[in-house]
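Survey of secondary and tertiary structure
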Amino acid sequence: MHVIVLGAGVIGVTSAWYLARLGHEVTVIDRQPAPAMETSRAPGGQIIAGPWGLGLNDLSYHPLDWLLHSGRTALALRKGLDPALLRWSLMAMKSRNAAAHAITLGRLERLTQYNRHCLDALRSETGITYDDRQSGHIQLFRTTRQIARVRPVLRDLAGHGTAPRLLDVDEILEHEPGLAHALPLFRGGVFLPDDQSGDTSVFTARLARMAQANGVRFVFETTVQGLDAAPDRIMSVRTDAGHMRADAYVVAMGSYSPLLLRPLGIRLPVYPLKGYSLTLPLTDESHAPLATVTDTANGVSITRLGARIRVAGGVDLTGYNLRPSPRRRTVLELSFSELFGGGDLAAATYWSGLRPCTPDGTPVIGPAGGFGNLWLNTGHGGLGWSTACASGRLIADLIAGRTPDIPALDLPLSRYG
C-alpha cells in the first residue's frame, strides 16, 4: 500500500518510519526544506513517561491548566473575536470535570508509557542518539504549599508503575548538584525516574535519514494546498507541485491540520497554543542541569542537551501568529538565571512554536469519519515528543489493520461526537 504522510515533524516522521517497517511504500510531504522545522524544532526536551509528569503545580494535566500556570507574565490573547478559539475554549471547559479529567489522564498514561517502550526499543534497534539521557526528571517546588498540594496526588499514584518520589533539598542536590547555589529558592521536589530527555529536532532529522534509507520518500519545499475527495475517500493531495496520489493519507500537520480538513466538512478541534524556548551554549558544568528540572512556579522546564541547554515554557493564544513575545523571554531567562546560570544567555536562540492542542489534551489518532482512506495523527499539544513513537506505531498498525498493542478506540476524532 502507498501511504502519503502530510507533515515532517516528529509525528509525521515517526508515522512514516513505522509504516515503512510494516512494508508500506511511504511518501512524506512538507513545505519546509528539512524535517522538524516548525513545532518540532525547539520544544522542551523532557520526555514524560507517566501521568505524574503531565502537569505543573498539582501534577494534573489539562489545556486550561497550561494557561493558568504559564509563567510570571500575563497570558496573551489574540485581539478580536476568534470563533475557533471560542469553540475550543467551550469544549475545553466541558472536559474539565472530574470524570473527563480521569479519562484524559488514563489516555495519556497509556500513550506516554507505551511511548517509552517504543522509544527504548527504537534506540536499541537502531542505535539512534539525539543528545538523549535516561536520567529522570525533577519537578521543583519553591513553596511548602506546593509540596502540601502534591502529597495526596503522589499517594494516589503509588500503584502506577515506578512511583515518583518526594525529595527534600539534600536529595534534590544528589540528582542535580548544579542547583546548589539556588538552595534558598526551593523547598523540595518530585523525582520522576522514568522520564527521559533529548532533542526532538535531532531525533526527527536522524530518524528521517534512517527512514529514507529504508525507502521512505521525502518531498520537501512543497506546500499542501488541499485534499481532493470523492464522497467516501480521498483521491489525491493537491500541492503547489501538482497532484499526488496514494492508497491512504495521514494528516500530521499539527496546528495546521484543521485548516486542511475544514473544506472537507471535518471539524477538528485543534487550536494552536504558542510556546517558547531558549537554546543556549553550556558554559559551566557546575551550574547546569544534568537532565531536566521543571520550575513549577513559573511553568518553565530546563533541560541539558549535550553541550547546550534548552529552557522552555509559556503559553499564548494568539492564533497562528508566531511572533516571539519579549515578556516570555524575560520569564525564561529569569527562571534559568535564578536556578542555574551555567549558560550563555547572550548567545541564546529564542524560538516560538505552535502546540496543536485538543480541548481535552489528548491527541487525535485514527480514521477521519466519512473517508475510508484518510487518517489523523495530530493534536498532541505539548506532548508530541512524549507520545511520538507511540502515535506513529499506533497509526501504522491501524492503517495496516493490525491490532495495536494498547487500546486505541477512544483516540479517533469520533470521540467528540
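Our subject is the structure that appears above.
Residues numbered from 1 in each chain as written. Predicted model: local features only at pLDDT ≥ 70, side-chain atom pairs only at ≥ 80, totals over all residues. Heavy atoms only, no water.

Take the side chain of R107 next. As for its position among the elements, R107 is in helix α4 (residues 98-126). R107 has contacts with D360, T362, D410, L411 and R415, leaving out every residue within four places of it along the chain. (Helix = DSSP H or I, 4+ residues; strand = E, 2+ residues; numbered from the N terminus. Contact = heavy atoms within 4.5 Å.)

Turning our eyes to something else, we now look at the packing of α4 against helix α10 (residues 384-399). Axis separation between α4 and α10 bottoms out at 7 Å; the angle between their running directions is 80°. Between α4 and α10, the angle falls in the class roughly perpendicular. Residue-level inspection shows L111, T112, Y114, N115, H117, C118, L119 and L122 of α4 in contact with α10, the latter providing W385, S386, T387, A388, C389, A390, R393 and L394. Residues that form the contact of α4 with α10 fall into these classes: 10 nonpolar, 5 polar and 1 charged. (Axes fitted to C-alpha atoms, helices over the stretch in contact; angles between N-to-C directions. Parallel < 35°, antiparallel > 145°, perpendicular 65-115°, else oblique. Nonpolar A, V, L, I, M, F, W, Y, C, P; charged D, E, K, R; others polar.)

The subject of this paragraph is the layout of surface pockets. Approximately 410 Å³ is the volume found for the second largest pocket. It is helix α3 (residues 83-94) that provides the largest number of residues to the lining of the second largest pocket, a total of 4 residues. Residues of the lining of the second largest pocket, tallied by class, amount to 14 nonpolar, 2 polar and 5 charged. (1 Å grid on protein atoms, 1.4 Å probe; cavity = no way out; pocket = protein on both sides within 12 Å on 5 of 7 lines; lining within 4 Å. Points joined across faces, edges and corners; volume = space filled by probe spheres on them.)

So, about the sheet that holds strand β16 (residues 308-316). Spatially, β5-β6-β4-β14-β15-β16-β13-β17 is the arrangement adopted by the 8 strands of the open sheet, whose pairing is mixed. Because the sheet does not close on itself, it has two edges, and the strands there are β5 (165-167) and β17 (349-357). Strand-to-strand twist across the sheet, computed as the mean angle between neighbouring axes with direction ignored, equals 25°. Both strand β14 (residues 292-295) and strand β15 (residues 300-305) contribute to a ladder of 4 bridges, which runs antiparallel. In the sheet register, T294 faces β15, and the bridge partner there is S301. Its contacts with the sheet put helix α5 (residues 144-156) on β4 (137-141), β5 and β6 (188-192), and the angle it makes with β5 is roughly 160°. (Pairing = 2+ DSSP bridges.)

Once that is clear, we can look at the pairing of β15. Along β15, 6 of the 6 residues are buried, which leaves the element largely enclosed by surrounding structure. Residues V300, I302 and R304 of β15 are buried on one face, and the alternating residues S301, T303 and L305, pointing to the opposite face, are buried as well. Between the end of β14 and the start of β15, which pair antiparallel, lie 4 residues, with G299 showing a positive phi angle near 65°. Of the strand pairs in this sheet, β15 and β16 are connected by 6 bridges, and their pairing is antiparallel. Counterpart to T303 in the pairing with β16 is R310. The turn joining β15 and β16, which pair antiparallel and follow one another in sequence, is formed by 2 residues; a positive phi near 65° is taken by G306. (Buried < 20%, exposed > 50% of the residue type's maximum accessible area, 1.4 Å probe, protein only.)

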